[in-house]
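# Architecture and fold: a report
So the chains spell out like this:
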Amino acid sequence: MPPPADIVKVAIEWPGAFPKLMEIDQKKPLSSIIKEVCDGWSLANHDQFALQHADSSNFYITEKNRNEIKNGAILRLTTSPAQNAQQLHERIQSSSMDAKLEALKDLANYSRDVTFAQEFINLDGISLLTQMVESGTDLSAHFGDMLSFTLTAFVELMDHGIVSWDTFSVAFIKKIASYVNKFASDISILQRSLAILESMVLNSHDLYQKVAQEITIGQLIPHLQGTDQEIQTYTIAVINALFLKAPDDKRQVSCWVLLSIYIFEMANILAQKQLRSIILTHVIRAQRAINNEMAHQLYVLQVLTFNLLEDRMMTEMDPQDQAQRDIIFELRRIAFDAESEPNNSSGSIEKRKSMYTRDYKKLGFINHVNPAMDFTQTPPGMLALDNMLYFAKHHQDAYIRIVLENSSREDKHECPFGRSSIELTKMLCDILKVGELPSETCNDFHPMFFTHDRSFEEFFCICIQLLNKTWKEMRATSEDFNKVMQVVKEQIMRALTTKPSSLDQFKSKLQNLSYTEILKIRQSERMNQEDFQSRPILELKEKIQPEILELIKQQRLNRLVEGTCFRKLNSRRRQDKFWYCRLSPNHKVLHYGDLEESPQGEVPHDSLQDKLPVADIKAVVTGKDCPHMKEKGALKQNKEVLELAFSILYDSSGQLNFIAPDKHEYCVWTDGLNALLGKDMLSDLTRNDLDTLLSMEIKLRLLDLENIQIPDAPPPIPKEPSNYDFVYDCN
């Protein structure tokens, strides 16, 4: 008799018959189980039947996924994927428009299942759909609805990665591109058309060229100016895809104004220059909350925009290049207003060299004789010189004031503008991760970088003035250079975490983060982290720590009871597909299931069809140990995704794979699952919460001892008395 772990009790439905309750032996071939079910209803040709989940997913059960069947599941006996695909292939070619429409609806639904998709694609179904789109004649009766379901089915089929995107014709691309403009008011058609264009660009180098020729900024701007955030998101996703896949020779631009010029054709340049301001006005500053997917696309656009700086950042200065040397001459001219040059005689040449050396020293270059040598290190390369010239030309008064102010100080107290600019540029590139590809899961965009066409240069100008101010506040000398840079980095990072909406607001935040304020913050944080290190306090910590850990454990479990929406990701593109998982209030069962869209609140337990008893969980693994991270090409082993991945292992080979939406949710879930299994909670979040709560609890308990010094050691125990012949006289 098979062991209980291999037996699954299910109910199986068949139209017109009472559901059949039966036990499935997972060790038996699936074809044998289907034959047994068919025999029970006297159905012949059992090879033309298959089992499906009876929920709205309509996913077929195969040998590969049969282990996902749970006790109490409701299944449906239905036609096999091959039969179903053949029938739908014929139905969508029906001469009846009503029948064709119903067939396309069914096709859009069934195409989400990879088993069906493979069978339909084997019938050359993709070519049939593309022909219908290219001709347009077969969709004439119910054009809008039919086209919407046709494009939906196409997107779902292609999403399985079975068919290469390189196989599509220019005519098909032109047709899809035309829908972006033609069906601006039809949300479903517009959304799917944009999704197809994005996938074409991301998955085929050849298609990038063709799509870039068909899509213009004029076609996309109206969709950004609309009120539908989902359409805006898809529109920015197309821009990002074109941006990401642009040839290297077009990545030589370093400002927002030129961003769309190399992406789109040169026509309508005025509209292209408006792209940034339109995103700022109609997306970022629109009177509505920005959802996670939009935040991700804005983050990607921000990263890709700053990556345009990579070429200059990695370009060394050529000391023999006169054009590059002229930039240094211009910095000197603006700072010291040299009205005339010495005569070109041998004596005046020496005098001129001496004067240049003196001025270059005042400008703060390391190499006073040949400052071009300061820009041979990459990063920041020529980008540092670009920033210095921008500051000198666009903030001339501030530039001259900084240079002259430091040139009049004592040598040991002067803040070297040249060296500072080079190190600051390198620091800003590190903070903004210039040159790194965007993360698949990050949503960390900064609105202020969308407020100016030259946001990086303006960012530098604010920070170089901050550096000079901090240098004076610290009364720094040349030996303190690295200390000053550390403080400036902390000031910048703390200001950025507040997500200022504009560069002016960022500047105001920095005004409130003076060196004195940074010292106060550091001291406060040090006290919170270290508290008091005396022996009595350490013993008190040890005593109350179990209570705090129990409190954290309950909080984690309560969060699991509330549940979390997880996004489905794959190696081809970021999908708008979700699933939800939550713990039952009695902490005995995990409920989970697929969702059509991101929920606005908690999802009820009864709407989640799948269940996993906590008692069946064998282990929780994370990162590279997760089964879905070991698969070939799994998300290209993206570092950020690896850090958010975890899996629940159960039974002999069962697994439930997660990719958390962010680091906080990752910590909450891994902590909660470990708590359910009786293991320690080891996440960074738990350590931080423990430190914070311990600090607060200790301070509360020590309130009555304020201003009373606590000894490091307990008081000595007095010697025993010589005798115990004493009593209290109460009279």
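In what follows, the accompanying structure is described. (Residues numbered from 1 in each chain as written. Predicted model: local features only at pLDDT ≥ 70, side-chain atom pairs only at ≥ 80, totals over all residues. Heavy atoms only, no water.)

### Remarks on the overall build of the chain
Summing up its helical and strand segments, the chain has 29 helices and 11 strands in all. Across the 731 residues in the chain, those meeting the buried criterion constitute 48%. Across the chain, every contact between residues at least 6 apart in sequence was considered, and the portion connecting residues at least 24 apart equals 67%. About 36600 Å² of surface is accessible on the chain, with carbon and sulfur atoms providing 50% of the total. (Helix = DSSP H or I, 4+ residues; strand = E, 2+ residues; numbered from the N terminus. Buried < 20%, exposed > 50% of the residue type's maximum accessible area, 1.4 Å probe, protein only. Contact = heavy atoms within 4.5 Å. Areas by Shrake-Rupley, 256 points an atom, 1.4 Å probe, with all protein chains shown as cover.)

### Quick word on the sheet that holds strand β3 (residues 49-53)
Pairing in this open sheet of four strands is mixed, and the strands run β2-β1-β4-β3 from one edge to the other. The open sheet has two edge strands with one neighbour each: β2 (20-25) and β3. Averaged over all pairs of adjacent strands, the angle between their axes in this sheet comes to 45 degrees, without regard to strand direction. As judged from the three bridges shared by strand β1 (residues 7-13) and strand β4 (residues 74-79), these two strands associate in the parallel manner. Its bridge partner lying in β4, Ile 12 is registered against Leu 75. (Pairing = 2+ DSSP bridges. Axes fitted to C-alpha atoms, helices over the stretch in contact; angles between N-to-C directions.)

### Topic: the side chain of His 223
Mapped onto the elements of the fold, His 223 is located in helix α10 (residues 217-224). A distance of 2.8 Å separates the side chain of His 223 from the backbone oxygen of Val 180, its partner in a polar contact. Non-local contacts of His 223, meaning those with residues more than four positions away in its chain, are made with Val 180, Ala 184, Leu 190, Ile 231, Gln 232 and Thr 235. (Polar contact = N/O pair within 3.5 Å; in protein donor to acceptor, adjacent residues only side chain to side chain.)

### Quick notes on helix α18 (residues 382-394)
Here α18 is 13 residues long and its end C-alpha atoms lie 18 Å apart, about the 18 Å a rise of 1.5 Å per residue gives. Counted residue by residue, α18 has 10 buried out of 13 residues, so it is predominantly covered. Within the span of α18, buried status applies to Met 382, Leu 383, Ala 384, Leu 385, Asn 387, Met 388, Leu 389, Tyr 390, Phe 391 and Ala 392. In this fold, the buried residues of α18 make contact with α15 (310-313), α16 (322-336), α19 (396-407), α20 (417-431) and α21 (455-473). (Expected span 1.5 Å × (residues − 1).)

### What to know about the nonpolar core
Leu 107, Leu 129, Phe 154, Met 200, Ile 279 and Leu 298 are the most contacted members of the largest nonpolar core, which totals 81 residues. If you look at the next biggest cluster of nonpolar residues, it comprises 67 residues, including Ile 334, Leu 385, Met 388 and Leu 428. (Core = buried A, V, L, I, M, F, W, Y, C linked by side-chain atoms within 4.5 Å.)

### Some thoughts on the sheet that holds strand β10 (residues 645-650)
As summarised here, the arrangement of the three strands in space is β9-β10-β11, forming an open sheet in which the pairing is antiparallel. With one partner strand each, in any of the chains shown, β9 (617-622) and β11 (654-659) form the two edges of the open sheet. On average, each strand axis in the sheet is tilted by 15 degrees relative to the strand beside it, whichever way the strands run. Most of the contacts of helix α28 (residues 663-676) go to β10, to which it runs at about 25 degrees, and overall it touches β9, β10 and β11.

### What about the packing of α18 against α20?
One way to put it is that α18 packs onto α20 with a least axis distance of 9 Å and a crossing angle of 115 degrees. Relative to α20, the crossing made by α18 is right-handed. In this structure, α18 uses Leu 383, Ala 384, Asn 387, Met 388 and Phe 391 to contact α20, whose residues at the interface are Phe 417, Gly 418, Ser 421, Ile 422, Thr 425 and Cys 429. (Left-handed = near helix turned anticlockwise from the far one by under 90°.)

### Overview of the environment of Ala 398
Note on placement: Ala 398 falls in helix α19. Residue Ala 398 is classed as buried on the basis of its relative accessible area of 13%. Sequence-wise, Ala 398 and Cys 461 are 63 residues apart; in three dimensions their C-alpha atoms are separated by 9.2 Å. For Ala 398, the residues in contact, after removing those within four places along its chain, are Phe 391 and Gln 465.

### A word on the environment of Thr 470
Within the secondary structure layout, Thr 470 lies in helix α21. Of the residues examined, Thr 470 reaches a relative accessible area of 0% and is grouped as buried. Taking C-alpha positions, Thr 470 is 9.6 Å from Thr 516, a pair spaced 46 residues apart along the chain. In this structure, Thr 470 is in contact with Val 487, Val 488 and Gln 491, ignoring residues within four places of it in sequence.

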